[in-house]
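The lines below spell out each chain.
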Amino acid sequence: MEDWKGVEAAAEDLALINRLSKTELGAEQVYVFTVRLCDNEVDRDFERFDSEALERLGELLVGRSGLFDHQWSARGQAARLYKTEVVREPAARTEAGDEYRWLKGWAYLLRTERNADLIAEIEGGIKKEVSVGCGAGRSVCSICGAEDGGCGHVRGQVYDGKLCFRELRDVTDAYEWSFVAVPAQRRAGVLKRFGQEREGERTLRKEAELGRKYLKELRREVVRLAMLAEDGTDGAVFARAAERLEEPELLELRRAFETRAAKRFPAPVQLRPRDGGEAEDAAAFRV
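Residues numbered from 1 in each chain as written. Predicted model: local features only at pLDDT ≥ 70, side-chain atom pairs only at ≥ 80, totals over all residues. Heavy atoms only, no water.

J.: Can you tell me about the overall build of the protein, naming the residues and giving the values?
T.: Of the regular secondary structure elements, the protein holds six helices and ten strands. When the 287 residues of the protein are sorted by exposure, 38% land in the buried category. If you take every contact in the protein between residues at least 6 apart in sequence, the share linking residues at least 24 apart comes to 70%. Accessible area of the protein: about 17100 Å², with a carbon and sulfur share of 49%. (Helix = DSSP H or I, 4+ residues; strand = E, 2+ residues; numbered from the N terminus. Buried < 20%, exposed > 50% of the residue type's maximum accessible area, 1.4 Å probe, protein only. Contact = heavy atoms within 4.5 Å. Areas by Shrake-Rupley, 256 points an atom, 1.4 Å probe, with all protein chains shown as cover.)

Rendered as C-alpha coordinates:
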(Lines give C-alpha, C1' and ligand atoms only; values in the text may rest on other atoms or scores of the structure.)
Protein backbone atom coordinates (compact mmCIF):
# COMPACT_ATOMS: atom_id res chain seq x y z
CA MET A 1 0.00 0.00 0.00
CA GLU A 2 1.72 3.19 -1.15
CA ASP A 3 -0.95 5.79 -0.30
CA TRP A 4 -0.60 5.80 3.49
CA LYS A 5 -2.12 8.79 5.27
CA GLY A 6 -0.44 11.04 7.79
CA VAL A 7 2.01 13.92 7.83
CA GLU A 8 5.76 13.55 7.76
CA ALA A 9 7.49 14.07 11.09
CA ALA A 10 9.08 17.48 11.63
CA ALA A 11 12.82 17.77 12.13
CA GLU A 12 12.50 18.15 15.90
CA ASP A 13 10.31 15.05 16.06
CA LEU A 14 12.77 13.05 13.99
CA ALA A 15 15.59 14.06 16.32
CA LEU A 16 13.68 12.66 19.30
CA ILE A 17 12.65 9.53 17.41
CA ASN A 18 16.21 8.82 16.32
CA ARG A 19 17.34 8.87 19.94
CA LEU A 20 15.27 5.70 20.34
CA SER A 21 16.06 4.00 17.03
CA LYS A 22 19.14 1.93 16.28
CA THR A 23 19.50 3.29 12.75
CA GLU A 24 18.85 6.81 11.46
CA LEU A 25 15.24 7.10 10.27
CA GLY A 26 13.96 9.54 7.67
CA ALA A 27 10.62 11.36 7.69
CA GLU A 28 9.28 9.09 4.97
CA GLN A 29 9.93 6.00 7.12
CA VAL A 30 7.84 6.90 10.15
CA TYR A 31 4.18 7.58 10.90
CA VAL A 32 3.56 9.91 13.84
CA PHE A 33 0.39 10.48 15.85
CA THR A 34 -0.66 11.82 19.25
CA VAL A 35 -2.57 10.14 22.07
CA ARG A 36 -4.38 11.22 25.22
CA LEU A 37 -2.78 8.74 27.60
CA CYS A 38 -4.54 9.51 30.90
CA ASP A 39 -5.79 12.37 33.05
CA ASN A 40 -6.54 13.34 36.66
CA GLU A 41 -10.29 12.65 36.43
CA VAL A 42 -12.03 9.83 38.31
CA ASP A 43 -12.20 6.82 35.97
CA ARG A 44 -14.59 3.88 35.54
CA ASP A 45 -12.78 2.00 38.33
CA PHE A 46 -13.24 5.01 40.64
CA GLU A 47 -9.53 5.75 40.66
CA ARG A 48 -7.57 8.77 39.50
CA PHE A 49 -4.00 10.06 39.24
CA ASP A 50 -2.97 13.13 41.17
CA SER A 51 -1.07 15.91 39.36
CA GLU A 52 2.36 14.75 40.52
CA ALA A 53 1.59 11.23 39.26
CA LEU A 54 0.78 12.60 35.80
CA GLU A 55 4.09 14.45 35.66
CA ARG A 56 6.01 11.37 36.74
CA LEU A 57 4.14 9.17 34.26
CA GLY A 58 5.08 11.57 31.50
CA GLU A 59 8.75 11.10 32.33
CA LEU A 60 8.57 7.33 32.64
CA LEU A 61 6.47 6.65 29.52
CA VAL A 62 8.94 8.19 27.06
CA GLY A 63 10.43 5.30 25.12
CA ARG A 64 7.75 2.83 26.21
CA SER A 65 6.10 0.50 23.69
CA GLY A 66 2.53 0.67 22.48
CA LEU A 67 0.88 -2.76 22.71
CA PHE A 68 -2.58 -4.30 22.34
CA ASP A 69 -4.80 -5.07 25.36
CA HIS A 70 -1.84 -4.93 27.78
CA GLN A 71 -0.50 -8.23 26.43
CA TRP A 72 3.20 -8.19 27.24
CA SER A 73 4.52 -9.83 24.10
CA ALA A 74 7.21 -8.69 21.70
CA ARG A 75 4.88 -9.63 18.83
CA GLY A 76 2.41 -7.01 20.01
CA GLN A 77 4.85 -4.12 20.00
CA ALA A 78 3.36 -1.65 17.51
CA ALA A 79 4.53 1.86 18.32
CA ARG A 80 6.71 3.80 20.73
CA LEU A 81 6.32 7.09 22.61
CA TYR A 82 9.03 9.65 21.96
CA LYS A 83 7.63 12.70 23.76
CA THR A 84 5.02 13.56 26.42
CA GLU A 85 3.51 16.70 27.93
CA VAL A 86 1.03 17.41 30.74
CA VAL A 87 -1.69 19.65 29.29
CA ARG A 88 -3.50 21.97 31.71
CA GLU A 89 -7.07 23.18 31.20
CA PRO A 90 -7.65 25.84 33.91
CA ALA A 91 -11.26 26.43 32.84
CA ALA A 92 -12.20 22.76 33.35
CA ARG A 93 -12.60 21.18 36.79
CA THR A 94 -12.41 17.53 37.78
CA GLU A 95 -15.05 15.77 39.85
CA ALA A 96 -12.74 16.28 42.83
CA GLY A 97 -12.90 20.04 42.19
CA ASP A 98 -9.34 20.75 41.03
CA GLU A 99 -7.91 21.86 37.68
CA TYR A 100 -8.31 19.30 34.88
CA ARG A 101 -5.01 18.01 33.47
CA TRP A 102 -4.17 15.26 31.00
CA LEU A 103 -1.07 13.57 29.67
CA LYS A 104 -0.45 13.92 25.93
CA GLY A 105 1.92 11.58 24.15
CA TRP A 106 3.60 11.64 20.74
CA ALA A 107 4.12 8.19 19.23
CA TYR A 108 5.66 6.77 16.08
CA LEU A 109 5.58 3.53 14.16
CA LEU A 110 7.37 2.42 11.02
CA ARG A 111 5.75 2.66 7.59
CA THR A 112 6.03 -1.01 6.71
CA GLU A 113 3.72 -3.42 4.94
CA ARG A 114 3.02 -5.06 8.28
CA ASN A 115 1.88 -1.75 9.80
CA ALA A 116 -0.21 -0.62 6.82
CA ASP A 117 -3.47 -1.92 8.27
CA LEU A 118 -2.75 -0.44 11.70
CA ILE A 119 -2.06 2.98 10.17
CA ALA A 120 -5.34 2.78 8.25
CA GLU A 121 -7.21 1.80 11.43
CA ILE A 122 -5.70 4.74 13.34
CA GLU A 123 -6.58 7.12 10.52
CA GLY A 124 -10.10 5.72 10.31
CA GLY A 125 -10.71 6.02 14.04
CA ILE A 126 -10.91 2.26 14.62
CA LYS A 127 -7.79 2.02 16.78
CA LYS A 128 -8.43 4.94 19.10
CA GLU A 129 -8.86 4.17 22.79
CA VAL A 130 -5.72 3.65 24.86
CA SER A 131 -4.78 2.73 28.41
CA VAL A 132 -1.54 2.89 30.39
CA GLY A 133 0.08 0.17 32.47
CA CYS A 134 1.94 1.50 35.49
CA GLY A 135 2.69 0.97 39.16
CA ALA A 136 1.81 3.34 42.00
CA GLY A 137 3.25 3.37 45.49
CA ARG A 138 0.14 4.66 47.24
CA SER A 139 -3.65 4.45 46.85
CA VAL A 140 -5.43 7.03 49.02
CA CYS A 141 -9.14 7.14 49.94
CA SER A 142 -10.79 10.42 48.90
CA ILE A 143 -13.10 10.35 51.96
CA CYS A 144 -10.74 9.77 54.87
CA GLY A 145 -7.20 9.66 53.46
CA ALA A 146 -6.59 6.05 54.48
CA GLU A 147 -4.15 4.16 52.25
CA ASP A 148 -4.40 0.87 50.38
CA GLY A 149 -8.02 0.11 51.28
CA GLY A 150 -7.42 0.33 55.02
CA CYS A 151 -10.87 1.82 55.69
CA GLY A 152 -14.48 0.79 55.22
CA HIS A 153 -15.31 3.30 52.50
CA VAL A 154 -16.46 1.76 49.22
CA ARG A 155 -15.33 3.14 45.87
CA GLY A 156 -18.21 4.58 43.87
CA GLN A 157 -20.38 5.24 46.93
CA VAL A 158 -21.32 8.77 48.01
CA TYR A 159 -20.74 9.84 51.62
CA ASP A 160 -22.32 13.12 52.74
CA GLY A 161 -22.44 14.27 49.13
CA LYS A 162 -18.80 13.32 48.41
CA LEU A 163 -17.85 10.57 45.97
CA CYS A 164 -15.49 7.88 47.23
CA PHE A 165 -12.56 7.05 44.94
CA ARG A 166 -8.90 6.08 45.24
CA GLU A 167 -6.21 8.59 44.30
CA LEU A 168 -3.06 6.98 42.88
CA ARG A 169 0.13 8.68 44.04
CA ASP A 170 3.90 8.15 43.92
CA VAL A 171 4.09 6.41 40.54
CA THR A 172 6.99 3.98 40.67
CA ASP A 173 7.09 2.66 37.10
CA ALA A 174 5.41 2.85 33.69
CA TYR A 175 5.35 -0.46 31.85
CA GLU A 176 3.58 0.26 28.56
CA TRP A 177 0.52 1.80 26.92
CA SER A 178 -2.00 -0.20 24.92
CA PHE A 179 -4.76 0.10 22.38
CA VAL A 180 -7.87 -1.24 24.14
CA ALA A 181 -11.58 -1.56 23.38
CA VAL A 182 -12.80 0.04 26.62
CA PRO A 183 -10.30 2.17 28.55
CA ALA A 184 -10.71 2.75 32.28
CA GLN A 185 -10.38 6.46 31.59
CA ARG A 186 -13.19 7.68 29.36
CA ARG A 187 -11.22 10.33 27.47
CA ALA A 188 -8.05 8.37 26.76
CA GLY A 189 -7.39 7.78 23.08
CA VAL A 190 -5.76 8.85 19.83
CA LEU A 191 -5.99 12.56 19.13
CA LYS A 192 -6.36 14.30 15.78
CA ARG A 193 -3.26 13.74 13.69
CA PHE A 194 -0.71 16.41 12.80
CA GLY A 195 -1.52 18.79 10.00
CA GLN A 196 -4.70 20.27 8.53
CA GLU A 197 -8.01 18.58 9.26
CA ARG A 198 -9.39 16.65 6.30
CA GLU A 199 -13.07 16.63 5.29
CA GLY A 200 -13.60 13.09 6.53
CA GLU A 201 -12.06 13.92 9.90
CA ARG A 202 -14.23 17.04 10.13
CA THR A 203 -17.33 14.89 9.58
CA LEU A 204 -16.24 12.40 12.24
CA ARG A 205 -15.57 15.24 14.68
CA LYS A 206 -19.02 16.74 14.10
CA GLU A 207 -20.64 13.34 14.56
CA ALA A 208 -18.73 12.91 17.82
CA GLU A 209 -19.91 16.32 19.01
CA LEU A 210 -23.51 15.38 18.20
CA GLY A 211 -23.06 12.13 20.11
CA ARG A 212 -21.77 13.98 23.18
CA LYS A 213 -24.69 16.42 22.97
CA TYR A 214 -27.15 13.50 22.72
CA LEU A 215 -25.68 11.80 25.79
CA LYS A 216 -25.74 15.07 27.72
CA GLU A 217 -29.44 15.56 26.99
CA LEU A 218 -30.17 11.89 27.73
CA ARG A 219 -28.46 12.14 31.12
CA ARG A 220 -30.39 15.34 31.90
CA GLU A 221 -33.68 13.63 31.02
CA VAL A 222 -32.87 10.61 33.20
CA VAL A 223 -32.10 12.88 36.17
CA ARG A 224 -35.38 14.78 35.65
CA LEU A 225 -37.41 11.55 35.53
CA ALA A 226 -35.61 10.16 38.58
CA MET A 227 -36.59 13.21 40.61
CA LEU A 228 -40.19 12.84 39.45
CA ALA A 229 -40.32 9.12 40.13
CA GLU A 230 -38.64 9.03 43.52
CA ASP A 231 -39.25 11.29 46.51
CA GLY A 232 -36.11 12.59 48.12
CA THR A 233 -33.79 12.02 45.16
CA ASP A 234 -30.78 14.34 45.34
CA GLY A 235 -30.55 15.68 41.80
CA ALA A 236 -26.91 16.78 42.09
CA VAL A 237 -25.75 13.40 43.40
CA PHE A 238 -27.76 11.48 40.81
CA ALA A 239 -26.43 13.74 38.03
CA ARG A 240 -22.85 12.88 39.01
CA ALA A 241 -23.72 9.19 39.00
CA ALA A 242 -25.36 9.51 35.57
CA GLU A 243 -22.14 10.98 34.16
CA ARG A 244 -20.53 7.54 34.52
CA LEU A 245 -23.24 5.76 32.57
CA GLU A 246 -23.32 5.14 28.85
CA GLU A 247 -26.29 4.98 26.46
CA PRO A 248 -27.57 1.42 27.16
CA GLU A 249 -27.74 1.98 30.94
CA LEU A 250 -29.25 5.45 30.50
CA LEU A 251 -31.98 4.17 28.16
CA GLU A 252 -32.87 1.40 30.60
CA LEU A 253 -33.07 3.86 33.48
CA ARG A 254 -35.18 6.24 31.43
CA ARG A 255 -37.71 3.50 30.70
CA ALA A 256 -37.86 2.49 34.36
CA PHE A 257 -38.26 6.04 35.66
CA GLU A 258 -40.84 6.89 32.99
CA THR A 259 -42.95 3.94 34.23
CA ARG A 260 -42.62 4.97 37.88
CA ALA A 261 -43.32 8.64 37.13
CA ALA A 262 -46.43 7.69 35.13
CA LYS A 263 -47.76 5.73 38.11
CA ARG A 264 -47.19 8.64 40.48
CA PHE A 265 -48.63 11.25 38.13
CA PRO A 266 -51.22 9.54 35.91
CA ALA A 267 -52.58 11.59 33.02
CA PRO A 268 -56.18 12.80 33.62
CA VAL A 269 -58.81 10.97 31.61
CA GLN A 270 -60.49 13.26 29.12
CA LEU A 271 -64.01 12.10 28.14
CA ARG A 272 -66.54 13.71 25.85
CA PRO A 273 -69.65 14.88 27.79
CA ARG A 274 -72.65 12.59 27.32
CA ASP A 275 -75.78 13.70 25.41
CA GLY A 276 -74.02 16.78 24.12
CA GLY A 277 -74.29 18.45 27.53
CA GLU A 278 -71.70 20.66 29.12
CA ALA A 279 -69.07 19.04 31.26
CA GLU A 280 -69.28 19.84 34.94
CA ASP A 281 -65.58 20.64 35.05
CA ALA A 282 -63.75 21.49 31.86
CA ALA A 283 -60.39 22.08 33.57
CA ALA A 284 -59.03 18.76 32.37
CA PHE A 285 -59.46 19.86 28.75
CA ARG A 286 -57.38 23.00 29.09
CA VAL A 287 -53.98 22.94 27.42
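J.: Go over the pattern of salt bridges, please, and point to the residues and values.
T.: Taken as a whole and assessed by the stated rule, the structure comprises 17 salt bridges. In this structure, Arg 44 engages Glu 246 in a salt bridge whose closest nitrogen and oxygen atoms are separated by 3.4 Å. Of this pair, Arg 44 sits in the loop between strand 1 (30-39) and strand 2 (47-49) while Glu 246 sits in the loop between helix 5 (235-242) and helix 6 (247-264); the two residues are 202 residues apart in sequence, bridging distant segments of the chain. Judged by its relative accessible area of 28%, Glu 246 falls in the partly exposed class. A single network of salt bridges, built from pairs that share partners, joins Arg 48, Asp 98, Glu 167 and Arg 169. (Salt bridge = Lys/Arg side-chain N within 4 Å of Asp/Glu carboxyl O.)

J.: Can you break down the state of the cysteines residue by residue, with the values?
T.: Throughout the structure, instances matching the rule amount to zero disulfides. Unpaired in this structure, Cys 134 has its nearest cysteine sulfur neighbour in Cys 38, at a distance of 7.2 Å. By relative accessible area, Cys 134 is classed as partly exposed at 23%. In this structure Cys 151 is a free cysteine whose sulfur lies 3.6 Å from that of Cys 144, the closest cysteine sulfur available. (Disulfide = S-S within 2.5 Å.)

J.: Tell me about the pairing of strand 1, and please be specific about residues and values.
T.: Taken across its ten residues, strand 1 has ten buried, putting it largely inside the fold. Here nine bridges tie strand 1 to strand 5 (residues 99-110), and the two strands are oriented antiparallel to one another. Paired with Phe 33 across the two strands is Ala 107, which belongs to strand 5. (Pairing = 2+ DSSP bridges.)

J.: An account of the environment of Leu 118 is needed here, citing residue identities and associated values.
T.: Along the chain, the position of Leu 118 falls in helix 3 (residues 116-123). Sequence spacing of Leu 118 and Ala 78 is 40 residues, and the spatial spacing of their C-alpha atoms is 8.5 Å.

J.: So what's going on with the nonpolar core? Which residues, and what values?
T.: Ranked by size, the top nonpolar core spans 28 residues in total, and within it Phe 33, Leu 37 and Trp 177 carry the most contacts. Looking at this core, the elements that each hand over two or more residues are strand 1, helix 2 (51-61), strand 4 (79-93), strand 5, helix 3, strand 6 (130-141) and strand 9 (166-179). In terms of nonpolar packing, the next biggest core, distinct from the first, is built from eleven residues, Leu 215, Val 222, Ala 226 and Ala 229 among them. (Core = buried A, V, L, I, M, F, W, Y, C linked by side-chain atoms within 4.5 Å.)

J.: With reference to specific residues and values, describe the packing of aromatic side chains.
T.: A complete count under the given rule lists six aromatic pairs for this structure. Ring geometry for Tyr 31 against Phe 33: centres 5.8 Å apart, planes inclined by 35 degrees, an arrangement best described as tilted. Each member of the pair, Tyr 31 together with Phe 33, is buried. Members of the aromatic cluster, joined through ring pairs, are Tyr 31, Phe 33, Phe 68, Trp 177 and Phe 179. When the ring centre of Trp 102 is taken as reference, the NZ or CZ atom of Arg 36 above it lies at 4.0 Å. Against the face of Trp 106 rests Lys 83, its NZ or CZ located 4.3 Å from the ring centre. (Phe/Tyr/Trp six-rings, centres within 6.5 Å; stacked < 30°, edge-to-face > 60°. Lys NZ or Arg CZ within 6 Å of the ring centre and 35° of its normal.)

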